[in-house]
Amino acid sequence: METRAVTTERETAYRKQLKNRKRIVVKVGSSSLLHPETGRLDYHRIDLLARELSDLKNQGKDIILVSSGATAAGREVLRSALGGLREHPVHGSRPITEKQACAAVGQARLMMIYQKFFDDYNQTTAQVLMTRDTVADVLSKYNLTNTFSELLAMDVIPIVNENDSVATIEFSVGDNDNLSAIVAALLGADLLILLSDIDGLYTDDPRRSADAEFIPFVEKMDGEILSMGKGSTGSSSGTGGMSTKLHAGLIATRSGCDMVIVNASRLHVLHEIIEGERRGTLFCADREEDFDLRDYIE
Ligand code: GLU
């Protein structure tokens, strides 16, 4: 039986080489972009995120940002048209068409804000919207991959979201955790970072169980690890709980990409992860010989 010290030593060595990762996908959820008290956009945090990512880009890394927040941003803009009703920005009980309209308005607003901040740090961004269908269909998947490759070759930072105005339940990935893992697999990324409102993986839901223990390092995503997502620690504004994050972890690690789930409360944590510091839960790449993305999206 291996001691904890041996595992910690292996973790330290593994984390040290994260600084060599070249292509990094960062996913940020709605709850990390909004003021919790008002549900309105937190410009300070969006600015900090743009600064952190711009600096990683300047270190020579390819950066792809997967950002939620379209529906929430649209709801903020359309607040008066919606009768000033305040409710959950993503899961509310309002009609789906209303959410789609909010996402259409909000996505444009979100990109405007991102462009403004990234521009301050001399970076060019691009909007890429996709659905599950985009990767399920061979031709559109090919086209999407080519677009990404071209953008990265031009040193652009693609900002990705689900195309919420067409992606109703039948065609959608449904949550940006899985979407970001799909993007990571598609682009052969070597690191995926899920910025979240939770610290990482616990043996149980820490909001419900006082005995829940934090797990900093996962070398293999076996049945025991996957069962830890069952209680699903949900966030207040986004769609992804722990079980969706673990499913995203399966896609990422099996495609050959490391994944970190980390709390977004301090955005400098992005640099700290790359510098090998012990932050969040690290899931090690565990490439599946005959990995096929389609096996994970049907
Ligand atoms: N695509 C949705 C949005 O931008 C969010 C999905 C998610 O949070 O996972 O509002």
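To be clear, the structure that these remarks concern was listed above.
A. Quick peek at the overall build of the protein. Counting its regular elements, the protein contains 11 helices and 10 strands. For 298 residues, the compact-globule formula gives about 19 Å, and the C-alpha radius of gyration of the protein, at 18 Å, lands near that figure. For the protein, the C-alpha atoms occupy an extent of roughly 60 × 45 × 35 Å along the three principal directions. Across the 298 residues that make up the protein, the buried fraction comes to 53%.

B. Representation of helix H2 (residues 43-58). Here H2 is 16 residues long and its end C-alpha atoms lie 22 Å apart, about the 22 Å a rise of 1.5 Å per residue gives. Close packing links the buried residues of H2 with strand S1 (23-28), strand S2 (62-67), helix H4 (96-120), strand S4 (157-162), strand S5 (191-196) and helix H10 (269-274). Between the side-chain oxygen of the N-cap and the backbone nitrogen of His-44 there are 3.3 Å, and the N-cap of H2 in question is Asp-42. Just downstream of H2, Gly-60 is the residue with a positive phi angle, here 100 degrees.

C. Local environment of unusual backbone geometry. Of note in the backbone geometry, Asn-122 takes a positive phi value of approximately 65 degrees without being a glycine. Here Asn-122 lies in the loop between H4 and strand S3 (125-130). What makes Asn-122 exposed here is its relative accessible area of 70%. The backbone of Asp-155 shows a phi angle near 65 degrees, a positive value even though the residue is not glycine.

D. Just the environment of Asn-161, in detail. Position of Asn-161 relative to the elements: it lies in strand S4. Under the relative-accessibility criterion, Asn-161 is labelled buried at 2%. Excluding residues that lie within four positions of it along the chain, Asn-161 makes contacts with Ser-67, Ser-68, Ala-70, Gln-107, Val-128, Leu-129, Met-130, Asn-176 and Leu-179. Reaching out from Asn-161, the side chain makes a polar contact with the backbone oxygen of Ser-67 at a distance of 3.3 Å.

E. Here's a closer look at a negative patch on the surface. Together, Glu-289, Asp-290, Asp-295 and Glu-298 line one region of the surface with negative charge. Mapped onto the fold, Glu-289 is located in the loop between strand S10 (281-283) and helix H11 (294-297).

F. Seen up close, the pairing of S5. In terms of burial, S5 is largely enclosed, as 6 of its 6 residues are buried. Inspection of the sheet shows S1 paired to S5 by 5 bridges, in the parallel sense. Bridge pairing in S5 places Val-25 opposite Leu-192. Pairing between S5 and strand S9 (residues 258-263): 6 bridges, direction parallel. Paired with Ser-196 across the bridge in S9 is Asn-263.

Scoring rules and cut-offs
Residues numbered from 1 in each chain as written. Predicted model: local features only at pLDDT ≥ 70, side-chain atom pairs only at ≥ 80, totals over all residues. Heavy atoms only, no water. Helix = DSSP H or I, 4+ residues; strand = E, 2+ residues; numbered from the N terminus. Rg over C-alpha atoms; globule rule 2.2 N^0.38 Å. Buried < 20%, exposed > 50% of the residue type's maximum accessible area, 1.4 Å probe, protein only. Expected span 1.5 Å × (residues − 1). Contact = heavy atoms within 4.5 Å. Polar contact = N/O pair within 3.5 Å; in protein donor to acceptor, adjacent residues only side chain to side chain. Patch = residues over 30% accessible without salt bridge, like charges linked within 9 Å, V, L, I, M, F, W, Y side chains within 5 Å. Areas by Shrake-Rupley, 256 points an atom, 1.4 Å probe, with all protein chains shown as cover. Salt bridge = Lys/Arg side-chain N within 4 Å of Asp/Glu carboxyl O. Lys, Arg positive; Asp, Glu negative; His and termini not counted. Charge placed at Lys NZ, Arg CZ, Asp CG, Glu CD. Pairing = 2+ DSSP bridges.

Geometric descriptors of this kind do not, in isolation, establish any biological role.
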